[in-house]
Amino acid sequence: MDIEITSRPGYSAAACTLSAGESVKAEGGAMMAMSANVEIQTSTGGGMLKGLRRAVLGGESFFLNTFTAQGGPGKITFAPVLPGDIVPWTLTGETVYLQSGSYLAAGPGIEVDSKWGGAKTFFGGEGLFMLRCTGSGPLLVASYGAIETMDLAPGERYVVDTGHLVGWSEGVAFQVRKVGGWKSTLLSGEGFVVDLTGPGRVYLQTRSQDAFLGWLIPKLPRDTSSS
C-alpha cells in the first residue's frame, strides 16, 4: 500500500493506493473518495463483543469498513472528522495505544481493540478505555491540529496535557495526575496531565478538543423561550 498525506497540516487527507486484491480497513464515515473498482465490506471487526467494546468503551464506530481493490489497482482517500494532520505509523509486530478518535484506518494485519485503562485515564477526562492496535502494517493516526512526534529515551520523562495526547508505543509508561493541588487543578485551566516515561514513541496534537469545546459552549446562544 502506498500512502500519500495531502493538504497538511490543517486539513489532511490520506490517499491510499492499493494493489489488485489489497485491502485497508477504516472507521465508518472515514472514506472521502475512492476508485470505482474499490469494493466495501462492513463488519464488526472481530465479532459483536469486540465491536461493542470498541464502540461503547473506546468511543469508536461499532462497525469497521474494509475496502478492497478488485480487478486491478485502486485508490481510496480517507479524511478525519476534525481538522488536523494524519501520520502513518508503521507497526512491525508491536502494540501501540491511541486515545479515542485518533484511529482513522489500518492495513489488514493490524487488530484494533479497546483496552481497560482504569482510573488512570478516567481522571484524564478521556474515558475509561483506550484503543489497542496490534500487528504489522500501516496505521493511520489522526489528530486535532498538527502532530508532534517525540521519541523518549529509556527513563526519560515528559509531562503532557491529557487533551493533547494522541498515542504512544507499548514501552512508554504513563500515569495521569492533577497538575498541582486541587486549587491549581480547578483554577489554572490545566486540569490533569500525563507523566510519560520512555523508552518509546509519543504523538501529540497541537489542539485540544475539550479545550475548544470549553471555549465554544459558553458562547453558543441559549434557548430562553421557556423562561
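Up top is the structure these notes are about.
These notes cover the structure that comes with them.

## Thoughts on the packing of aromatic side chains
Applying the stated rule across the entire model yields four aromatic pairs. Both rings, one in Trp168 and one in Phe174, keep their centres 5.0 Å apart while their planes meet at 50 degrees; by these two values the pair is tilted. Per residue, the accessibility class of Trp168 equals that of Phe174, and both read buried. Taken together, Tyr97, Trp168 and Phe174 form an aromatic cluster joined through their ring pairs.

## Here's the deal with the pairing of strand 6 (residues 64-69)
Summarising burial for strand 6: five of the six residues are buried, a large majority. Relative to strand 6, strand 3 (residues 23-27) runs antiparallel, the two sharing five bridges. Bridge pairing in strand 6 links Glu27 to Leu64.

## A few points about a nonpolar patch on the surface
Judged by side-chain polarity, Phe212, Leu213, Trp215, Ile217 and Leu220 come together as a nonpolar surface patch covering roughly 480 Å² of accessible area. By the secondary structure assignment, Trp215 is in helix 4 (residues 209-216).

## Points about the pattern of salt bridges
This structure, assessed with the given rule, holds three salt bridges. With its nearest N and O atoms 3.1 Å apart, the salt bridge here joins Asp85 to Arg8. Of the two residues, Asp85 sits in the loop between strand 7 (74-78) and strand 8 (86-98) while Arg8 sits in the loop between strand 1 (2-6) and strand 2 (13-18), which places them 77 residues apart along the sequence. Here Arg8 falls in the partly exposed class, since its relative accessible area comes to 46%.

Thresholds, definitions, all that
- Residues numbered from 1 in each chain as written.
- Predicted model: local features only at pLDDT ≥ 70, side-chain atom pairs only at ≥ 80, totals over all residues.
- Heavy atoms only, no water.
- Phe/Tyr/Trp six-rings, centres within 6.5 Å; stacked < 30°, edge-to-face > 60°.
- Buried < 20%, exposed > 50% of the residue type's maximum accessible area, 1.4 Å probe, protein only.
- Helix = DSSP H or I, 4+ residues; strand = E, 2+ residues; numbered from the N terminus.
- Pairing = 2+ DSSP bridges.
- Patch = residues over 30% accessible without salt bridge, like charges linked within 9 Å, V, L, I, M, F, W, Y side chains within 5 Å.
- Areas by Shrake-Rupley, 256 points an atom, 1.4 Å probe, with all protein chains shown as cover.
- Salt bridge = Lys/Arg side-chain N within 4 Å of Asp/Glu carboxyl O.

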